[in-house]
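Now for the letters of each chain:
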Amino acid sequence: MAKTKDLTGKRFGKLMVMHQLKEKIDNRIAWHCICDCGNEVDVKGVYLTTGQTKSCGCLKKDMDNTNLREQYDSKRVDGVVTPLFKGKTPRKDSSTGFRGVEKYYTRKSKELRYRAWITVMGKRYYKSGFETPEDAYYKGRLELERKHLPGRKD
């Protein structure tokens, strides 16, 4: 049987190993650690020594904030995240097959019509009254994009 290496007092990323746990986790030796942020966490020794676990989870949150939020914010043009409008593929739950196009029925005659919409900086814009989803997309949605998205003006 292999001798267990004592990790007490050693640092792995943001984790400081305090002591070995009496019980194993998934049949593996585990260690009680304190993270630099103050959280306490129990981690399998193999995860510490291979570098798989470097914090209580706060490191991922910090990295996500940097990689997602800041990268997202860097792609804004006049406050609008332009990559959100690059795809032409509709959502899977789209009933029309076009992005930013929805069905509705007119109030008085209850006729089926299509409307294009776009949300820019929290405000929703509509163009309604189209008889086909194609018209709503090409004559409505694309027009709304040209009108309300930065850098899309003709």
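See the structure shown above.
Attention here is on the structure that accompanies the text. Predicted model only: the values in this text are computed from it and were never measured.

Further remarks concern the sheet that holds strand 1 (residues 11-12). Strand order in the open sheet formed by 4 strands is 1-2-3-4, and the pairing between neighbours is antiparallel. Strands at the two margins of the open sheet, each flanked by one partner only, are strand 1 and strand 4 (40-44). Sheet analysis places strand 3 (residues 30-35) next to strand 4, joined by 5 bridges and oriented antiparallel. Of the residues in strand 4, the one forming a bridge with His-32 is Asp-42.

Here strand 1 runs beside strand 2 (residues 15-20); their pairing, made up of 2 bridges, is antiparallel. Paired with Phe-12 across the two strands is Leu-15, which belongs to strand 2. In this structure, the hairpin formed by strand 1 and strand 2 is closed by a connection of 2 residues, where Gly-13 is found at a positive phi of approximately 65°. Here strand 2 runs beside strand 3; their pairing, made up of 5 bridges, is antiparallel. Residue pairing in the sheet places Val-17 in a bridge with Cys-33 of strand 3.

So, how was this worked out
- Residues numbered from 1 in each chain as written.
- Predicted model: local features only at pLDDT ≥ 70, side-chain atom pairs only at ≥ 80, totals over all residues.
- Heavy atoms only, no water.
- Pairing = 2+ DSSP bridges.
- Helix = DSSP H or I, 4+ residues; strand = E, 2+ residues; numbered from the N terminus.

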